[in-house]
Amino acid sequence: MDEDIFLEPDRELGFLERDRGLSQDQRAELGLGALVFVVVALLVAMLAFVLHEAWPSFAHNGIGWFGGGGSVDQQIQAIFTSGDLKTAPVYTFHAWPLIWSTILITIGAVAIAFVASLFIAVFMVEFAPPWLRRILEPVVRLLASVPSVIYGLAGVLVLVPFIGNHLITQGEKASVTPTIQLSGSSLLAAVLILTVMIAPIMIAVFADGLRAVPRGWLEGSLALGINRWRTFWKVGVRTARPVFVAGTVLATARALGEAVMVSMVSGGVGFAPNPVDGLIFFFEPSRPLAATIIANTEELNSPPMKHTLYAIAAVLLFSSAMLSVIGWAAKQPMRRYGVVP
Amino acid sequence: MSTVPTAAVPKRSESNASWRLSDRIGLGLAWLLGLLFCAIAAAIVVYFLVEGIRYLRPNLLVTNPAPGLSEGQTGGFLDPLLGTVIVGVMAMAIAVPVGVGIAVWLSEFGRPTGLARLAESAVEMLAGEPSVVLALFGTILFTVRELGFLSQTSHGIVLGQSFFAAAAMLSLVGLPMVVASTREGLQAIPSHVREASYAVGKTKIATTRRVLLPAARPSMITGTMLGLGRVIGDTAIVLLLLGGTLTFGSANSTPLLGMLRGTGDTLTGYIYYNAPTGDGNQPSKAYAAAFVLMLMVLALNLGVDFVVRRSQRAVRWS
């Protein structure tokens, strides 16, 4: 909140240090500064390196990299084979189905999780009976730290068979058979499991923000005869708005980068689910960007494949960097109020 | 929790029948979703508990994975379990000193301001970075010839998969947690504590070491545990940089170093391998491993709770 305050003593006592010529402090400052510098330099180098490795793929495809056209899986196969057989490298890659899948899964999960988390956090902080609150808080923290592969396991063993056996009819399966198979590994499964995975993260952040709302503001509203729900909704939730952005950004970054779990439940096909298909849309398999990297890691020894995978990584890196910029920008107004950590 | 009302909100005796419809719907939705969340959480926990107890046998913990088709042949998960412990310890051995160093510098020194801003945003970015990108970066970094001593080399090609490689990249996963938590702890110490220490002639670094860091220890431990939770839960880095080979593949016969330079696996990699989508497809083994991993995460959570609760009873400044 007020970081500057801690620099004060140093500034005030600066003359003392100079008088005594303390080199110990300066050495420590230099040493720690160097450590920080090295870590930052390492991260910047990583950024530059990923972009550098990604460049051939972007350069060959131009803006078409982000567009559609042809089958992504066949393109990946061709890219890999060209490098493996040491023929002229092929770079043609149109990633739209993967990007579309990433967008659908991420936005779907974040949208559901946001609405649910908002109400659950309000419930947990304000309306739940105390005994339930005491149970809920540790449970939220536990669920937020459960490894994603465990959610993936639950998805692939429970949800995917359920969708495959009960929600999809034989007729629907037959109607799309030549192109794709509706086995239950689907958009719906990925979105639902991802929602369950990121909701606890959101709830934890939201609840922290709601708890930090000054009690007096709420009591002021209650004293005016406004009911508890309206008070909390109009005063509490509104005050904590920046926290909602911050929590959503955090959860979106997790959803975007989740590779292993999504690769288990979304079905490993580079297919772009088509909303025109009606209800089947939700049951169509797809494969987002992060899962594509996991699916093709064994082909890294083929140079064009390596560049293509790095291009995918660069897109993910750029998106998550943009997200943290948004998160940072959202935090600025709340510094001004000094309400929220 | 510090904002618990001193004057409690007056008890409502009136029914909410007089509320507007939208308010009643909102409250009802909050209750509904809250209870639904409880139900889902309970379902997940109970499901893994039941399946875990059903499939977990003591001998799974002491036998190694083996190739096979039936449940009897595939053995247990001793090596992945050890791998999780080793990787966790190694990654935190890097992340904690570096993270605490960064936090101290950011909170106590922080000049030049430009570098501080840059470091802050770099750490924040690292927290949101997909681990699969870190893993992909690691595959190139550790196949560089100069870093060949960290992994195995065959026919002049550095394989780049080892405990060292995985732990180095996993430490980046744990680092942001350690930095954020330690920094929060340091900033919660009021400035007059520092001034008191300066006033008796302590240098800044002595103050940090003798006063500030001990006072911020609960935060450091919390951050370490949260980071460790992320580290042992990561799968992408394990698959790419540790090899996901089920058993340890030592690089050479040197006892410890050879093993750490070799490939291995962790529980997350083992679960991935044994899920229906993996190559092993032994769901019962995956359930058992997931149960053990859940217990580890639960223990870490309880540890955090314990540390936080104890620190609340400890020193009160001012």
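Since the model is a prediction, treat every value here as computed from it, not as a measurement.

1. So, the overall build of chain B
Then step 1. Looking only at helices and strands, chain B has 12 helices and 2 strands in total.
Then step 2. Helices and strands appear in chain B in the N-to-C order α-α-α-α-β-β-α-α-α-α-α-α-α-α.
Then step 3. Summarising its shape, the C-alpha atoms of chain B cover approximately 70 × 65 × 35 Å along the three principal directions.
Then step 4. Looking at chain B as a whole, 51% of its 318 residues are labelled buried.
Then step 5. Restricting the contact set of chain B to residue pairs at least 6 apart, pairs at least 24 apart contribute 70%.

2. What about the overall build of chain A?
Then step 1. Helix and strand counts for chain A come out as 14 helices and 0 strands.
Then step 2. Counting from the amino terminus, chain A carries its helices and strands in the arrangement α-α-α-α-α-α-α-α-α-α-α-α-α-α.
Then step 3. Taking the principal axes of its C-alpha atoms as reference, chain A extends roughly 75 × 60 × 30 Å.
Then step 4. Taken over 341 residues, chain A has a buried fraction of 48%.
Then step 5. Looking at chain A alone, contacts between residues at least 24 apart form 79% of all its contacts between residues at least 6 apart.

3. Structural notes on the interface of chain B and chain A
Then step 1. Counting residues at the interface gives 74 residues for chain B, matched by 81 residues for chain A.
Then step 2. The leading source of residues in the side of chain B that touches chain A is helix α1 (residues 21-55) of chain B, at 14 residues.
Then step 3. When the residues that make up the side of chain B that touches chain A are grouped by side-chain class, the tally is 47 nonpolar, 18 polar and 9 charged.

4. What to know about the nonpolar core
Then step 1. Counting residues in each nonpolar core, the largest one holds 201 residues, and the members touching the most others are Ile198 and Ala313 of chain A together with Ala166, Ile271 and Ala290 of chain B.
Then step 2. It is helix α8 (residues 187-211) of chain A that contributes the most residues to this core, 19 residues altogether.
Then step 3. Contact partners of Ala313 of chain A, with chain neighbours within four places excluded, come to Val50, Ala54 and Ile293 of chain A together with Val133 and Leu136 of chain B.

5. Some details on the packing of α8 of chain A against helix α11 (residues 241-257) of chain A
Residues and elements named next belong to chain A.
Then step 1. Where α8 meets α11, the axes come as close as 9 Å, and the angle between the chain directions of the two elements is 155°. In terms of orientation, α8 lies roughly antiparallel with respect to α11. Where α8 crosses over α11, the two elements pack in a sense that is right-handed. Residues Leu194, Ile198, Ile201, Met202, Val205, Phe206 and Gly209 of α8 touch α11, and the partners they reach there are Val243, Phe244, Ala246, Gly247, Thr248, Leu250, Ala251, Arg254 and Ala255.

6. As for the environment of Leu78 of chain B
All names here are of chain B.
Then step 1. On the secondary structure map, Leu78 appears in helix α2 (residues 78-109).
Then step 2. Taking the number of C-beta atoms within 10 Å as the measure of exposure, Leu78 has 17 and is therefore partly exposed.
Then step 3. For the pair Leu78 and Val62, spaced 16 residues apart in the sequence, the C-alpha separation amounts to 5.2 Å.
Then step 4. Setting aside its immediate chain neighbours within four residues, Leu78 contacts Leu61, Val62, Thr63 and Asn64.

7. Thoughts on helix α6 (residues 148-167) of chain A
Residues and elements named next belong to chain A.
Then step 1. Taking 1.5 Å per residue as the helical rise, α6 with its 20 residues ought to reach 28 Å, whereas the 25 Å between its terminal C-alpha atoms falls clearly short.
Then step 2. At Gly155, α6 shows its largest bend, some 40°.
Then step 3. Listing the buried residues of α6 in full gives Ser148, Val149, Ile150, Tyr151, Gly152, Leu153, Ala154, Gly155, Val156, Leu159, Val160 and Ile163.

8. Notes on the packing of α1 of chain B against helix α12 (residues 283-313) of chain B
Any two packed helices are characterised by how steeply their axes cross, that is the angle between the axes, and by the distance between the axes.
Residues and elements named next belong to chain B.
Then step 1. The contact between α1 and α12 brings their axes to 8 Å, and the two run at 115°. Here the hand of the crossing between α1 and α12 comes out left-handed. Across from Phe48, Glu51, Gly52 and Tyr55 in α1, the residues of α12 making contact are Ser284, Tyr287, Ala288, Ala290, Phe291 and Met294.
Then step 2. Residue composition of the contact of α1 with α12, by class: 7 nonpolar, 2 polar and 1 charged.

9. Things to note about the environment of Met259 of chain B
Residues and elements named next belong to chain B.
Then step 1. Its place among the elements puts Met259 in helix α10 (residues 255-261).
Then step 2. Judged by the 20 C-beta atoms lying within 10 Å of it, Met259 is buried.
Then step 3. For the pair Met259 and Gly249, spaced 10 residues apart in sequence, the C-alpha separation works out to 6.9 Å.
Then step 4. Dropping the residues within four chain positions of it, Met259 is found in contact with Phe248 and Ser250.

10. Some remarks on unusual backbone geometry
Then step 1. Backbone torsion omega between Arg111 of chain B and Pro112 of chain B reads 0°, so that peptide bond is classified as cis.
Then step 2. Turning to its location among the elements, Pro112 of chain B is positioned in the loop between α2 and α3 (113-128).

11. Considerations on the confidence of the model for chain B
Then step 1. Residues with a pLDDT of 70 or more make up 93% of chain B, whose mean pLDDT is 84.
Then step 2. Two summary scores accompany this predicted model of the complex, namely pTM at 0.86 and ipTM at 0.85.

12. Comments concerning the environment of Leu239 of chain B
Then step 1. Along the chain, Leu239 of chain B falls in helix α9 (residues 236-242).
Then step 2. Taking the C-alpha atoms as reference, Leu239 of chain B lies 15 Å from Asp79 of chain B; in sequence the two are 160 residues apart.
Then step 3. When sequence neighbours within four positions are dropped, the list of residues in contact with Leu239 of chain B reads Ile294 and Thr297 of chain A together with Gly244, Gly269 and Tyr272 of chain B.

13. Looking at the confidence of the model for chain A
Then step 1. A residue-level look at chain A finds 91% of positions with pLDDT of 70 or above and a mean pLDDT of 83.
Then step 2. Counting interchain partners and residues more than four positions distant, the pLDDT-below-50 stretch residues 1-17 of chain A has 14 contacts.

Cut-offs and rules
- Residues numbered from 1 in each chain as written.
- Chains lettered and ligands numbered in written order.
- Predicted model: local features only at pLDDT ≥ 70, side-chain atom pairs only at ≥ 80, totals over all residues.
- Helix = DSSP H or I, 4+ residues; strand = E, 2+ residues; numbered from the N terminus.
- Buried ≥ 20, exposed ≤ 12 C-beta atoms within 10 Å, placed from the backbone.
- Contact = placed C-beta atoms within 7 Å.
- Nonpolar A, V, L, I, M, F, W, Y, C, P; charged D, E, K, R; others polar.
- Core = buried A, V, L, I, M, F, W, Y, C linked by C-beta atoms within 7 Å.
- Axes fitted to C-alpha atoms, helices over the stretch in contact; angles between N-to-C directions.
- Parallel < 35°, antiparallel > 145°, perpendicular 65-115°, else oblique.
- Left-handed = near helix turned anticlockwise from the far one by under 90°.
- Expected span 1.5 Å × (residues − 1).
- Bend = angle between axes of the 7 residues up to and from the residue.
- pLDDT = per-residue confidence, 0-100.

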